[in-house]
Amino acid sequence: MFDDEVFIGGENSFNLFTVRKNTNAVSEEERSRLNVIGQYHLGEYVNVFKHGSLVMYMPDPDVNMIEQLPPLEPRDLPNLERNPSRDSLQMDKKEEAKEEDFHSSSALKRKLIYGTVNGSVGVIASLTKSQFDFLYKIQKALAKNVKFIGGFSHAKYRMFSSDSSKKDAHNFVDGDLIEFFLTLSPDKMTQIANECSVSVDYLVKQIDDLARIK
């Protein structure tokens, strides 16, 4: 269970699924049903979910640094420019923090550890919409431009498949595939970064930060 509304489960076809309470339904019968919001083929049978983390988090050094700094004088402030049309302070876009950033340990607030019958351990995290859209764009670029052993299609492998139905994976992002970006050649990294409309350095930093949040 991620929260009071969203639940996650595994089944014997090695799939994961997420469901949400139908709290806005009119009738009691409809409210008692759970709506499927995500499906994904993991490839292993999950037999335990636990709230927690695989690592011990240290205090964010940047946060500590900010807390210890003395108050800024007006001469120390960056050159800010007021935009009358938006009535907000703007800085150079390159310096702005993006909503999908994974810099701090608080970037992923809800995480579950899972274990499988084969002894594997993994992490499932809840993402914001901006984080999901960002990672999904990377996943699509990687699946399109990287050739995998045996010529397997990533989309077909991660397809939710059971005895009764087959459906494309949705509302899940493959963390293993995302981290695979860090093993690519510089030329291939540049190609993926260009498709995602970001720099290679930014992409490497975000994925490296994401890999540490476990």
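Up top you'll find the structure we're talking about.
All values derive from a computational prediction rather than experimental measurement.

About the cut-offs
Residue numbers run consecutively from 1 along every chain, following the written order of its sequence. Whole-chain, interface and lining totals are the exception, using all residues; otherwise, since this is a predicted model, local features are given only for residues with pLDDT of at least 70 and side-chain atom pairs are given and counted only at 80 or more. Note that water and hydrogens are dropped before the side-chain values are worked out from all heavy atoms of the structure. For the purposes of this entry, the term helix denotes a DSSP run of H or I that reaches at least four residues, the term strand denotes a run of E that reaches at least two, and both are numbered from the N terminus. By definition here, a salt bridge exists when the distance from a side-chain nitrogen of Lys or Arg to a carboxyl oxygen of Asp or Glu is within 4 Å. Exposure is judged per residue with a 1.4 Å probe applied to protein chains only, and the accessible area is read against the type maximum: over 50% gives exposed, under 20% gives buried, and values in between give partly exposed. Should any heavy atoms of two residues lie within 4.5 Å, those residues are considered in contact. Buried residues of nine kinds, namely Ala, Val, Leu, Ile, Met, Phe, Trp, Tyr and Cys, make up a nonpolar core once their side-chain atoms join them within 4.5 Å.

A. Fine view of unusual backbone geometry. Residue Phe14 is not a glycine yet carries a positive backbone phi of 70 degrees. Within the fold, Phe14 resides in the loop between strand E1 (6-10) and strand E2 (15-21). With a phi angle near 60 degrees, Asn171 is a residue other than glycine that sits in the positive phi range.

B. Representation of the pattern of salt bridges. Scanning the entire structure with this criterion turns up seven salt bridges. Residue Asp133 pairs with Lys129 through a salt bridge whose shortest N-O separation is 2.7 Å. You can see Asp133 and its partner Lys129 sitting in helix H3 (residues 129-145), four residues apart, about one turn around the helix. Residue Asp133 is classed as partly exposed on the basis of its relative accessible area of 36%. For Lys129, a relative accessible area of 65% gives the class exposed. With its nearest N and O atoms 2.7 Å apart, the salt bridge here joins Asp209 to Lys205. Of this pair, Asp209 and Lys205 both sit in helix H7 (residues 200-212), four residues apart, which is roughly one turn of the helix. A relative accessible area of 12% means that Asp209 is categorised as buried.

C. Representation of the side chain of Arg158 in the model. On the secondary structure map, Arg158 appears in the loop between helix H4 (154-157) and strand E9 (160-161). Overall, the relative accessible area of 9% leaves Arg158 in the buried class. Leave out the neighbours within four places in its chain, and Arg158 touches Tyr40, His41, Leu42, Ala169, Asp174 and Asp176.

D. Structural view of the nonpolar core. Counting residues in hydrophobic clusters, the biggest one holds 23 residues, and the most contacted among them are Phe134, Leu135, Ile138, Leu142, Phe181, Ile192 and Leu203. Listing elements by their share of this core, those giving two or more residues are H3, helix H5 (175-180), helix H6 (186-195) and H7. Ranked by residues supplied to this core, first place goes to H3 with six residues. The contacts of Phe181, once residues within four sequence positions are left out, are Leu142, Met189, Ile192, Leu203, Val204 and Ile207.

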